[in-house]
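Each chain, written out:
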Amino acid sequence: MVATGDKVFAGSIPEMYERFLVPLIFEPYALDLARRLAKTRPGVVLETAAGTGVVTRALASALPAETRLTVTDLNQPMLDHAKSRQPADSRIAWRQADALALPFEDGSFDAVACQFGAMFFPDKVQGYKEARRVLKPGGHFFVSVWDAIEANDFADVITQELAAVFPNDPPQFLARTPHGYHDEEQIREELKAAGFTNVSFDAVDARSKAASPRDPAVAYCQGTPLRSEIEARGAPGLEEATNKAANAMARKFGAGAVDGRIRAFVISAR
């Protein structure tokens, strides 16, 4: 079950998300997904849960000049930020949309891409059904999800530290939602229930790097809905919680540039 607050990316979160989290964890997977999708030679592509547009930018670079791309997100502030970061491109259309109720005709797209958005779907099968509905026969669906938090070093260290800061009510957003949907059998079954076949499930390892231990602490504590969880708990407050997370990062990875494991799964289905 996805908590209501887990889906809220508003206020200063889009700017913090773009500044810190995109280079920290999202860029290598955006490039990987764009390469995979480009190999299918699609003419019309839909991106759901686009966030601040890191995949959009990768797709715009990887896809042929004649390919058209429709970019959507549930959160208008995230979509606005994504559009502001993208150079003017007549191939791209922007639209606020719920991935569970897409405002497009059946069979409209050759490919649908959803990177790190499915974890936020309150009904995964419905989200997958909608992707299948708007795909043309034989179309490709690409979806990426994070592995368990234990396989993603920075998120794990920060979550453990915040549990020490708030022992009576540990903030669990990272473990619960971004890193809470990774069971291969479950995902395959849900895609099958939505009508997909020919499902492939690839583990993709990468490295998360930052100039200082504070950057990941700010990224996660202030650039995701974890921020709202911390603020809701009151003392010691957001800044002190961020400082403690940064100190925990320094103890684990050193005071200078930091480097940690990240792992995700890239699923493709037809």
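All of these numbers come straight from a predicted model, not from anything done at the bench.

Rules used throughout
Starting from 1, residues in each chain are numbered consecutively following that chain's sequence as written. Where totals are concerned, whole chains, interfaces and linings use all residues; where local detail is concerned, this predicted model gives features only for residues with pLDDT of at least 70, and gives and counts side-chain atom pairs only at 80 or more. Hydrogens and water molecules were not included; the side-chain quantities draw on all heavy atoms of the structure. For salt bridges, the criterion is a side-chain nitrogen of Lys or Arg within 4 Å of an Asp or Glu carboxyl oxygen. Between N-to-C directions, angles span 0 to 180 degrees; the directions come from axes that are lines fitted to C-alpha atoms, helices contributing only their stretch in contact. A run of DSSP states H or I qualifies as a helix once it reaches four residues; a run of E qualifies as a strand once it reaches two. Both are numbered from the N-terminal end. Comment on the angle field: the value is read as roughly parallel under 35 degrees, roughly antiparallel over 145, roughly perpendicular from 65 to 115, and oblique elsewhere. Handedness of a crossing is defined here by the sense of rotation of the near helix relative to the far one, left-handed for an anticlockwise turn of less than a right angle and right-handed for a clockwise turn. Contacts between residues were defined by any pair of non-hydrogen atoms, one from each residue, lying within 4.5 Å. Gly is placed with the polar residues, together with every amino acid not listed as nonpolar (Ala, Val, Leu, Ile, Met, Phe, Trp, Tyr, Cys and Pro) or charged (Asp, Glu, Lys and Arg). Here the aromatic set is Phe, Tyr and Trp, taking the six-membered ring for Trp, and pairing holds for ring centres within 6.5 Å; pairs whose planes are under 30 degrees apart are stacked, those over 60 apart are edge-to-face, and all others are tilted. Three labels apply to residues, based on accessible area from a 1.4 Å probe with only protein chains included: buried if under 20% of the type maximum, exposed if over 50%, partly exposed otherwise in between. Think of a polar contact as two N or O atoms within 3.5 Å of one another; within protein, one of them needs to be a possible hydrogen donor and the other a possible acceptor, and neighboring residues in sequence only count if both atoms come from side chains. One bridge is not enough; two strands pair if DSSP finds at least two bridges between them.

Caption draft 1: View of the pattern of salt bridges. Here the structure, examined in full by the defined rule, presents 19 salt bridges. Several salt bridges share partner residues, and in doing so they unite Glu18, Arg57 and Arg85 into one network.

Caption draft 2: Main features of the packing of helix α4 (residues 124–134) against helix α7 (residues 184–193). Where α4 meets α7, the axes come as close as 8 Å, and the angle between the chain directions of the two elements is 50°. As the angle between them shows, α4 and α7 are arranged oblique. The chirality of how α4 crosses α7 is right-handed. From α4, Lys124, Val125, Tyr128 and Lys129 reach across to α7, where they touch Ile187, Glu190, Leu191 and Ala193. Considering only residue class, the contact of α4 with α7 consists of five nonpolar, no polar and three charged.

Caption draft 3: How the structure looks around the packing of aromatic side chains. Within the structure shown, the criterion is met by 11 aromatic pairs. Taking 5.6 Å as the distance between ring centres and 50° as the angle between the ring planes, the aromatic pair formed by Phe26 and Phe116 counts as tilted. Highlighted residues: Phe26 in helix α1 (residues 13–38) and Phe116 in the loop between β4 (109–115) and α4, separated in sequence by 90 residues. For Phe26, a relative accessible area of 7% puts it in the buried group.

Caption draft 4: Region of the structure containing the environment of Arg132. Among the secondary structure elements, Arg132 is positioned in helix α4. For Arg132, a relative accessible area of 44% puts it in the partly exposed group. Sequence separation of Arg132 and Ala111 is 21 residues, and the distance between their C-alpha atoms is 9.6 Å. Side-chain polar atoms of Arg132 contact the backbone oxygen of Gly195, separated by 2.9 Å.

Caption draft 5: Seen up close, the sheet that holds strand β3 (residues 92–96). Here seven strands make up an open sheet; going across it, the order is β3-β2-β1-β4-β5-β7-β6 and the pairing mixed. Only two strands of the sheet have a single neighbouring strand rather than two, namely β3 and β6 (200–210). Strand-to-strand twist in this sheet, taken as the mean axis angle between neighbours without regard to direction, amounts to 20°. Examined bridge by bridge, strand β2 (residues 68–73) and β3 share five bridges and lie parallel to one another. If you follow Asp73 over to β3, its bridge partner there is Gln96.

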